[in-house]
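Examination of the molecular architecture
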Amino acid sequence: MTSASKLIQNYVNGKFVRGPREFSDINPADGTGIAQVSEADESLVNQAVESARLALGGNWDKLAVPARAALLHKIADGIEARFNDFVQAEVADTGKPVSLASKIDVPRGAANFRVFADLIKNAGIEAFWTETSDGVSALNYCARKPLGVVGIITPWNLPLLLLTWKAAPALACGNCVVVKPSEETPATATLLAEVMQSVGVPPGVFNVVHGFGSGSAGEFLTSHADVNAITFTGESKTGSAIMRAVAPTVKPISFELGGKNAAIVFADCDFDETVSGLADAVFLNTGQVCLCAERVYVERPVFDRFVSALKQKAEGLSLGWPGDSKTTTGPLISKEHRAKVLSYYELAKKEGATVVTGGGTPEFGDARDNGFYVQPTIFTGLPESTRCVKEEIFGPVCHIAPFDTEEEAIAKANDTKYGLAASVWTTNLKRGHRVAEKLRVGITWVNCWFLRDLRTPFGGAGLSGIGREGGLHSLNFYSELNNICVKL
Ligand code: NAD
């Protein structure tokens, strides 16, 4: 089978099945077709939900926690056993460098199952000894039950990592899931279904339906009356559409949405470490990580030096074929996304930006010219009120602005409707703590970026999300807690 004739299928009730239509999976590095994807229609989504419900009422939610946890470890083993297949599929779908998929995406896919397997095994319950003023005593404790059928909708930037970040705790808590991966990156979800089948996850416990959002598999899933909860990662405006779709059937939602993240660099920072850290924070995965910094505020005494050091880093990035181990920066995900990022590059120029570096598309003289590459780009000189400083671009780009006081930096960092992540760079640890605590975000890094402990809460304020996932926060979202009050 040639790659373009390969068919990526849905996985429903333990079987790989076709839907009535197909769409193309495109390689962002050269615009060629990688595979055809079988799109689930409403009837197939309904079958997936029904099979999840039946599996739930079968044995899955009654499986003892140690047995469920052992199966999650087997899923992780299964991912590791097919490590190269996952890496290749992720690289082909996303265009991300093979070094990144091997170091972050696929290992984290397996780690998510291990972490939540161990967490559920060791999770305690809340209990209170209650005494009323008239001498009655009671014991209050919580029973943890699954929510039921969980709909999982994920984006294209970290496909396996973000899907497993939700599926692992949902399954750990005894739920059955129906997953709708991004239409741009369907391959690793179906590979994961192959792992589920091979390690003996019962039919119906894990289902994959492929398709789009509005009027397609995404909307069929979110509006389904028998889906008990929706967990979604993607754009804020999609979150808002999903909120409308779930409203009639009132279900819990967990949203991890967009960001316009700030980094604050103080003059007393470890300069080289900060420049390296921010080169990652701005350009990793071609800037397509929700946590990337698109606004960098630098204390005035080191502003010029910092701008020229980050420029050097940007110009030193190796834009190449994703499968080449020397490539640091791949293409953007799609033609449409490239058009969006380039429109912000043009807008920034119109808004009066100074282009420090980049601002356009690279030329390779080979098939990559048909791919979706853009130049890593740095702007300075924009007023804080301009659209390029306010709106999420989601590309390899940042705007750098100077500041004079700590208060000014905090105020500028917080002047956004988003509130996902921030980073603070200083050798004054007191100041690091003080500033971090004042930032209105879900996560603040001090002297680092993207360092994650999966047991810690993750989510955003404002337009960046609703709720927290990670560690016990995930277990609590994916569980129905029943407080039992026993009079003694
Ligand atoms: P997107 O919102 O366009 O799509 C995400 C998923 O939602 C896809 O599977 C898509 O098919 C589906 N979808 C779209 N419309 C839908 C609808 N009406 N109903 C149901 N499903 C629908 O996002 P994207 O472009 O794939 O991803 C990029 C965005 O994701 C960025 O804004 C980024 O910041 C955000 N993101 C956030 C986090 C986080 O943890 N906060 C992580 C990664 C990405």
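Residues numbered from 1 in each chain as written. Predicted model: local features only at pLDDT ≥ 70, side-chain atom pairs only at ≥ 80, totals over all residues. Heavy atoms only, no water.

Describing the site of the ligand
To keep it simple, the criterion reads: Near residues are defined by distance, with any heavy atom within 4 Å of the molecule or strand qualifying the residue. Side-chain atoms alone can form a polar contact between residues adjacent in sequence; in general such a contact is a pair of N or O atoms within 3.5 Å, and within protein one must be able to donate a hydrogen while the other accepts it. Only the protein chains shown count as cover for residues, and the accessible areas themselves come from Shrake-Rupley with a 1.4 Å probe. Each helix is a run of DSSP H or I of at least 4 residues and each strand a run of E of at least 2, with the numbering of both proceeding from the N terminus. Gly is put with the polar residues, along with every residue not named as nonpolar or charged; the nonpolar set is Ala, Val, Leu, Ile, Met, Phe, Trp, Tyr, Cys and Pro, and the charged set is Asp, Glu, Lys and Arg.
Near the ligand there are 29 residues, and of these Lys 180, Glu 183, Thr 238, Leu 257 and Glu 392 occur at the shortest range. Interatomic distance of 2.8 Å between a backbone N/O atom of Thr 154 and an oxygen atom of the ligand. Within the side chain of Glu 392, one N or O atom sits 2.6 Å away from an oxygen atom of the ligand. When the ligand is considered free in solution it has 850 Å² of accessible area, and contact with the protein chains removes 91% of it. Contributions of two or more residues to the shell around the ligand are made by helix H7 (217-222), strand E11 (229-233) and helix H8 (236-246). When its residues are assigned to classes, the shell around the ligand shows 13 nonpolar, 10 polar and six charged.

Notes on the packing of aromatic side chains
The line we're drawing: Aromatic pairs are defined between Phe, Tyr and Trp rings, using the six-membered ring for Trp, whenever the two ring centres lie within 6.5 Å; interplanar angles under 30 degrees are classed as stacked, those over 60 as edge-to-face, and all others as tilted. Exposure classes here rest on a 1.4 Å probe applied to the protein chains alone. A residue is buried below 20% of its type maximum, exposed above 50%, and partly exposed in between. Here, a charge over a ring is recorded when the distance from Lys NZ or Arg CZ to the ring centre is within 6 Å and its angle to the ring normal is within 35 degrees.
Scanning the model with the defined rule gives 13 aromatic pairs in all. Ring centres of Phe 116 and Trp 165 lie 5.9 Å apart, and the angle between their planes is 65°; on these two criteria the pair is classed as edge-to-face. A residue pair is termed long-range when its members are at least 10 positions apart, and Phe 116 in helix H4 (residues 98-122) and Trp 165 in helix H5 (residues 159-172) qualify at 49 residues. Note on Trp 165: relative accessible area 3%, which makes it buried. Where Phe 271 meets Phe 306, the ring centres are 6.4 Å apart and the plane angle is 85°; that geometry is what we call edge-to-face. In this pair, Phe 271 sits in helix H9 (residues 271-283) while Phe 306 sits in helix H10 (residues 303-315), placing the two residues 35 residues apart along the sequence. Among the residues examined, Phe 271 registers a relative accessible area of 12% and is labelled buried. Connected via pairs of aromatic rings, a cluster forms that spans Phe 116, Trp 165 and Phe 458. Taking NZ or CZ as reference, Arg 305 lies 3.7 Å from the ring centre of Phe 271, over its face. One Lys or Arg, Arg 431, reaches over the ring of Phe 266 and ends 4.1 Å from the middle of that ring.

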